[in-house]
Amino acid sequence: GENVEQHPSTLSVQEGDSAVIKCTYSDSASNYFPWYKQELGKGPQLIIDIRSNVGEKKDQRIAVTLNKTAKHFSLHITETQPEDSAVYFCAASSASGGSYIPTFGRGTSLIVHP
Amino acid sequence: EPEVTQTPSHQVTQMGQEVILRCVPISNHLYFYWYRQILGQKVEFLVSFYNNEISEKSEIFDDQFSVERPDGSNFTLKIRSTKLEDSAMYFCASSGRQTLETQYFGPGTRLLVL
């Protein structure tokens, strides 16, 4: 089955700095890579996703890159703000039996200091 | 914006008791999922449900677990005889036909088994 590794487990930055979270996956059949933000006591919220037919996607201060050959993908947050503080999960999935079941990384706790 | 809702937000139960966790998926979605997250760990897939039947399930989803869509809006997870290790956050998610791979998560139910 799929295995997703995520690093770092904790990331502490100053407000305004950039933050990068990296993930690797093992199953070359994976073709959909969502990123979720989880605030304390809440469910994971989809913030950006990328499909295997593109190498990069950007949405305002958030961008995701995908390297299919190396089987890794990254989340980039620029101009970080205190409200970006949360746990971020990467995931990898592919169609299996008609549904996409994501395998999640262990999460990165991002702390943005004002 | 449509959301997945879950009730209750917290549930405390005694070991061996049955619990039912409830979810209302996004109204036009057809695919439904349950996940769990043990404190401090990654989100783990339990089961997916489509067209009134289970489409996939993980090793975690043993005979103690069952799912049901009792009416046109609710989706439930039943744990027949709870164990201490069932204590976790349980998330419901749903996805639509057009964007099957994009899952939207509810806020979760925190289950504590004593």
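Residues numbered from 1 in each chain as written. Chains lettered and ligands numbered in written order. Predicted model: local features only at pLDDT ≥ 70, side-chain atom pairs only at ≥ 80, totals over all residues. Heavy atoms only, no water.

**With respect to the overall build of chain B**
- On a plain count of helices and strands, chain B comes out with 0 helices and 11 strands.
- If you list the helices and strands of chain B from N to C, you get β-β-β-β-β-β-β-β-β-β-β.
- The C-alpha radius of gyration computed for chain B amounts to 13 Å, which stays within 12% of the reference 13 Å derived for 114 residues, consistent with globular compactness.
- The long-range fraction of contacts in chain B, counting pairs at least 24 apart against all pairs at least 6 apart in sequence, stands at 54%.
- As presented, chain B carries roughly 5,800 Å² of accessible surface, and 46% of it is formed by carbon and sulfur atoms.
- Within chain B, the 14 negative side-chain charges are centred at a point lying 2 Å from the centre of the 10 positive side-chain charges. (Helix = DSSP H or I, 4+ residues; strand = E, 2+ residues; numbered from the N terminus. Rg over C-alpha atoms; globule rule 2.2 N^0.38 Å. Contact = heavy atoms within 4.5 Å. Areas by Shrake-Rupley, 256 points an atom, 1.4 Å probe, with all protein chains shown as cover. Lys, Arg positive; Asp, Glu negative; His and termini not counted. Charge placed at Lys NZ, Arg CZ, Asp CG, Glu CD.)

**Topic: the interface of chain B and chain A**
- Taken together, the contacts link 20 residues of chain B with 22 residues of chain A.
- Between chain B and chain A the total buried area reaches about 1,800 Å² when both faces are included, carbon and sulfur atoms providing 57% of it.
- Counting the contacts that link chain B with chain A gives 1 salt bridge.
- A:Arg51 is paired through a salt bridge with B:Glu101; the nearest N and O atoms lie 2.3 Å apart.
- Applying the counting rule to chain B against chain A returns 6 residue pairs in polar contact (both at pLDDT 80 or more).
- Mapped by element, the contributors of at least two residues to the side of chain B that touches chain A are β4 (31–37), β5 (44–50), β6 (53–57) and β9 (88–95) of chain B.
- In terms of residue count, β4(B) provides more of the side of chain B that touches chain A than any other element does, 4 residues in total. (Buried area = accessible area lost by both parts, 1.4 Å probe. Salt bridge = Lys/Arg side-chain N within 4 Å of Asp/Glu carboxyl O. Polar contact = N/O pair within 3.5 Å; in protein donor to acceptor, adjacent residues only side chain to side chain.)

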